[in-house]
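# Working through the structure, step by step
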Amino acid sequence: MKILVIGGAGYIGSHVVKSLLSARHEVCVYDNLSTGCAQNLFSDAGFVQGDILDYPALLRAMKQNIDAVVFLAAKKAVGESMENPGKYANNNLIGAINTLNAMTEADVRKIIFSSSAAVYGLPEYLPVDEQHPTAPINFYGFTKLDMENYMNWYDRLKGIKFISLRYFNAVGYDEEGAVKGLEKNPQNLLPIIMEAACGIRKKVMIFGNDYDTRDGTCIRDYIHVSDLAAAHLKALEYLQKNNQSQIFNLGTENGVSVLEMILKAREITGKEIPYEFAGRRAGDPAVLLASAQKAQKLLGWSAVHSDLENIIDSTWKLYKPSAI
């Protein structure tokens, strides 16, 4: 199949491209390189530098005999989405509509969509399965849920079949070292820990140490990006075989606390990694864990790269050369 990977130069996108190429699919990356990295482009994949807000360019890329789309181009910083909702509405929502319209015009009828556990909001029960109520508590999560709603309608009206993959906390790097570009201005815990280990930042701020958890810090479900990439390949195979839209959680069903992540990183890196406790952030649940039973059953997928040591070690290998 010929796959258009929108956002394929980004952190998750580049790992997805590697997985697709390994499975001998033909891949074309469409990316504006605003957050993606040219260093993450593979020589055996095509590349179009373009924006999802540029409909004519998007349509031209879509008309290159594309069989399916993988969409990973959304803005994703939760805090920024609350401060600048217009930016997120413009990019995430209008960009998604442009993509669906271009697919319709170019007669492309399959899409794998990068969604998020942020669609659920505060968990009413654990682990969170796909039947859990969706009540986002930040604008980023709202855009992801709205994009899923658009895809539902385009399925009904235009016959575009989709699989929405609701990621929990994506971490780690390709163990073979094929993806080398680091995230720009990281907002997530592990890259921040790595920057502290390298001396790029002075310390890690831990928001809240009085939660009802085993060490008082928040617990999250961390999923290795190589496992996420493998799930995209499985999802594509599922669409090819069944031509049926689905939503899947992607997680490990196991939780790691913020403090456990820091202490394990200290052990692996041999660095001090200073940290400081601060007050809780509004909207942070104490524990957030996925149920991935549906993906295991219907896709035949499970997380095999996501043990804590591999998550940290595969990340440290990229950051280590810059350590002070």
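Structure shown above.
Residues numbered from 1 in each chain as written. Predicted model: local features only at pLDDT ≥ 70, side-chain atom pairs only at ≥ 80, totals over all residues. Heavy atoms only, no water.

Let's shift gears to unusual backbone geometry. Of the consecutive residues Leu-126 and Pro-127, the connecting peptide bond is found in the cis state with omega at -10°. Here Pro-127 lies in the loop between strand 5 (110–116) and helix 5 (139–158). A positive phi angle is found at Leu-33, which is not glycine, with a value near 60°. Secondary-structure assignment places Leu-33 in the loop between strand 2 (26–31) and strand 3 (46–49). (Helix = DSSP H or I, 4+ residues; strand = E, 2+ residues; numbered from the N terminus.)

Before going further, it helps to examine the environment of Glu-124. Positionally, Glu-124 belongs in the loop between strand 5 and helix 5. Along the backbone, Glu-124 and Leu-72 are 52 residues apart, and their C-alpha atoms lie at a distance of 28 Å.

Another point: the packing of aromatic side chains. Under the counting rule described, the total for this entry stands at 5 aromatic pairs. Measuring from ring centre to ring centre gives 5.1 Å for Tyr-11 and Tyr-173, while their planes differ by 50°; the resulting arrangement is tilted. In this pair, Tyr-11 sits in helix 1 (residues 11–22) while Tyr-173 sits in the loop between strand 7 (169–171) and helix 6 (189–198), placing the two residues 162 residues apart along the sequence. Ring plane angle 70° and centroid distance 5.6 Å describe the contact between Tyr-275 and Phe-277, whose orientation is recorded as edge-to-face. Owing to a relative accessible area of 28%, Tyr-275 belongs among the partly exposed residues under this scheme. Classification of Phe-277 by relative accessible area gives partly exposed; the value is 35%. Here the guanidinium or amino end of Lys-294 rests over the ring plane of Phe-248, the centre of that ring lying 5.3 Å away. (Phe/Tyr/Trp six-rings, centres within 6.5 Å; stacked < 30°, edge-to-face > 60°. Buried < 20%, exposed > 50% of the residue type's maximum accessible area, 1.4 Å probe, protein only. Lys NZ or Arg CZ within 6 Å of the ring centre and 35° of its normal.)

Quick look at helix 8 (residues 258–269) now. In this model helix 8 runs 16 Å from its N-terminal to its C-terminal C-alpha over 12 residues, within 8% of the 16 Å that 1.5 Å per residue would give. Inspection of helix 8 places Val-258, Leu-259, Met-261, Ile-262, Lys-264, Ala-265 and Thr-269 among the buried residues, and these make up the whole buried set. At its buried positions, helix 8 is contacted by helix 6, strand 8 (204–207), strand 10 (222–224), strand 12 (256–257), strand 13 (275–278) and helix 10 (308–319). Within two residues after helix 8, Gly-270 carries a phi angle of roughly 75°, on the positive side. (Expected span 1.5 Å × (residues − 1). Contact = heavy atoms within 4.5 Å.)

In this section: the sheet that holds strand 11 (residues 246–250). By definition, the strands of a sheet pair up through backbone hydrogen bonds, in either a parallel or an antiparallel sense. Strand order across the open sheet formed by 7 strands is 3-2-1-4-5-6-11, with parallel pairing between neighbours. In this open sheet, the two strands that pair with only one neighbour each are strand 3 and strand 11. Within this sheet the neighbouring strands show an average axis-to-axis angle of 20°, counted without direction. Packing of helix 7 (residues 225–242) onto the sheet brings it into contact with strand 1 (2–6), strand 4 (68–71), strand 5, strand 6 (161–167) and strand 11, and relative to strand 6 it is tilted by some 160°. (Pairing = 2+ DSSP bridges. Axes fitted to C-alpha atoms, helices over the stretch in contact; angles between N-to-C directions.)

This paragraph deals with the nonpolar core. A general trend in soluble globular proteins is that nonpolar side chains are found buried together. Grouped together as the largest cluster of nonpolar side chains are 39 residues, with contacts concentrated most on Ile-12 and Leu-20. Mapped by element, the contributors of at least two residues to this core are strand 1, helix 1, strand 2, strand 4, strand 6, helix 7 and strand 11. Looking at which element gives the most residues to this core, the answer is helix 7, with 9 residues. Residues Leu-4, Leu-58, Ile-66 and Met-103 belong to the second largest nonpolar core, which totals 29 residues. (Core = buried A, V, L, I, M, F, W, Y, C linked by side-chain atoms within 4.5 Å.)

This next bit is on the pattern of salt bridges. A complete count under the given rule lists 15 salt bridges for this structure. In this structure, Asp-313 engages Lys-317 in a salt bridge whose closest nitrogen and oxygen atoms are separated by 3.5 Å. On the criterion of helical spacing, the pair formed by Asp-313 and Lys-317 is a turn pair, its members being 4 residues apart in helix 10. The exposure class assigned to Asp-313 is partly exposed, which follows from its relative accessible area of 28%. Judged by relative accessible area, which is 53%, Lys-317 ranks as exposed. (Salt bridge = Lys/Arg side-chain N within 4 Å of Asp/Glu carboxyl O.)

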